[in-house]
Each structure stands twice: as structure tokens, then as C-alpha cells.
Amino acid sequence: GDTVRVEPGEYVEQVVVTDGVDLVARVPGSVTISRPPDLEPGAAGLIAGGSKPARISGLRVSSAQADADSTAVRLTGAGAFLELLEISGPHERAVALDPGASVTMQGGRVEVSGTVVTVPEGAHASFVNSIFVRARRAEPDAPPFVVEPSSRLTLKGNVFAGFAPEIVRGLAPLRRQEVLEGNTIVPPPAPPGRPGRRG
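Calculation notes
Residues numbered from 1 in each chain as written. Predicted model: local features only at pLDDT ≥ 70, side-chain atom pairs only at ≥ 80, totals over all residues. Heavy atoms only, no water. Helix = DSSP H or I, 4+ residues; strand = E, 2+ residues; numbered from the N terminus. Buried < 20%, exposed > 50% of the residue type's maximum accessible area, 1.4 Å probe, protein only. Contact = heavy atoms within 4.5 Å. Core = buried A, V, L, I, M, F, W, Y, C linked by side-chain atoms within 4.5 Å. Pairing = 2+ DSSP bridges.

1. Description of unusual backbone geometry
Alright, step 1. For Leu84, which is not a glycine, the phi torsion comes out positive at approximately 50°.
Alright, step 2. Relative to the helices and strands, Leu84 is located in the loop between β10 (80-83) and β11 (86-89).
Alright, step 3. A positive phi is found at Asn129, a non-glycine position, where the angle reads about 50°.
Alright, step 4. Along the chain, Asn129 falls in the loop between β16 (124-128) and β17 (131-134).
Alright, step 5. Given the relative accessible area of 46%, Asn129 is considered partly exposed.

Written out as C-alpha cells, the structure reads:
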């Protein structure tokens, strides 16, 4: 039930939010948690979870260097509420969920080269009024969301920029259409055409 208020600055360290604790930037957008380069492969820069939900608000999560299997935020247990959270940098995954865990992101901004989130069996992910941008170095056909059969995904009022052709993988076409309804999808720009020759 405690609230930890973080002063403005950049913190190059792995941050673990314990059971039921709220981690809040005193000034939203002024705190950057940068995943340190000496973490083992696959380790997340920010970890939260437990038997009670946690809230993380107003932070930026980045990475000090590229890692082929890196994760920005890892969530376990009862889940977490991510508010005004910005995730960027050369991460393979923005959010990693354990089976049965849950996450709600509201008012966030995510720009990563890999997947935003894979929703595993029994997990629930909800993203509301957030912005998702494909990084230039990303794989062109990698979908931002991958859903397992017994998981749940809710998308409302979000903007997706630069993703094509697939936003959500793992859903039947009709269900995919229902999930994406009410969101804005901005396709990637068309490749420039060849200049015509003058004869």
C-alpha cells in the first residue's frame, strides 16, 4: 500500500516494484529508468507483481544498449496498472506477462523494435488511449500483439502507427475485427516509387 515518489532524473538500474507498491514520478515524464547493459540476457529493466496489484505512473523506460532478448517491463502475479508510461529503445518486448497475470495501460506511448506484448495462457491485457509506434529498425511483419487461445486482449481508443499488415496475431478474423474496432490504425508510408526517366 506504500507509494514511492521518484525525483526527476535518469536512473541506470533495474527496478523491482514489490507487492502492492505504487511507483510514481513526482513530475510525470521527468523520470527515466534505463535498463543497465550488464543485466543477463532477457532480464527486464522494470519488474512488478505479486499477490496485490501495483501502479506505475509517469515514468519512461528505456535501455542503455541493444539486447536481442531484452524486455522493458515484466509483470507477474495479480497484475499492474501502467499510467502515462513511455517505453522506448531497442527492446525485443515492451511488456512481458507471466501466464495468468494481467496488465492495464492507460495513456501510454510505446515505440520498440519488437513486440509490444505477448498475452500468454490465462493472462489479460488491456490498453486504453495509448499510442504505439513501430521503430524504424523493427521487423516489417512483426505484429505488436500476439494472443494465446485462452488469454484476453482489450484495445480501446488507441493509435497504431507504422504497423502492417497485422496488428493482432492469434485471433480469428471476426474476433480480431471486434478487438480493433474503436482504434485508429495509421499504415506505414508507401515506399517511394522509382523516378521516371526522361526521354
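2. Observations regarding the environment of Ser126
Alright, step 1. Here Ser126 is to be found in strand β16.
Alright, step 2. By relative accessible area, Ser126 is classed as buried at 10%.
Alright, step 3. Placed 27 residues apart in sequence, Ser126 and Leu153 show a C-alpha to C-alpha distance of 5.8 Å.
Alright, step 4. In contact with Ser126, other than residues within four places in its own chain, are Val103, Thr104, Met105 and Thr154.

3. What to know about the nonpolar core
Alright, step 1. In this structure, Ile87, Phe127, Phe145 and Leu153 are the most contacted members of the largest nonpolar core, which totals 47 residues.
Alright, step 2. Contacts of Ile87, omitting those with residues within four sequence positions, involve Val61, Ala72, Val73, Ala94, Val95, Met105, Arg109, Val110, Glu111 and Val112.

4. Considerations on the pairing of strand β4 (residues 22-25)
Alright, step 1. Judged by which residues are buried, β4 turns out to be covered on both faces: Asp22 and Val24 on one side and Leu23 and Ala25 on the other are all buried.
Alright, step 2. By the bridge criterion, four bridges tie strand β1 (residues 3-6) to β4 in an arrangement that is parallel. Looking across to β4, one finds that Val4 is bridged to Leu23.
Alright, step 3. One ladder, built from three bridges, connects β4 with strand β7 (residues 54-57); its direction is parallel. Each residue of the ladder has a partner; that of Leu23, found in β7, is Ile56.

5. A few points about the sheet that holds strand β9 (residues 71-77)
Alright, step 1. Strand order in the open sheet made by the seven strands is β3-β6-β9-β12-β15-β18-β21, with parallel pairing throughout. Of all the strands in the sheet, just β3 (15-17) and β21 (168-169) have a single pairing partner and so form its edges.

6. A short note on the side chain of Asp22
Alright, step 1. Checked against the element boundaries, Asp22 lands in strand β4.
Alright, step 2. What Asp22 contacts, discounting residues up to four positions off in sequence, is Asp2, Thr3, Val4, Ala54 and Arg55.

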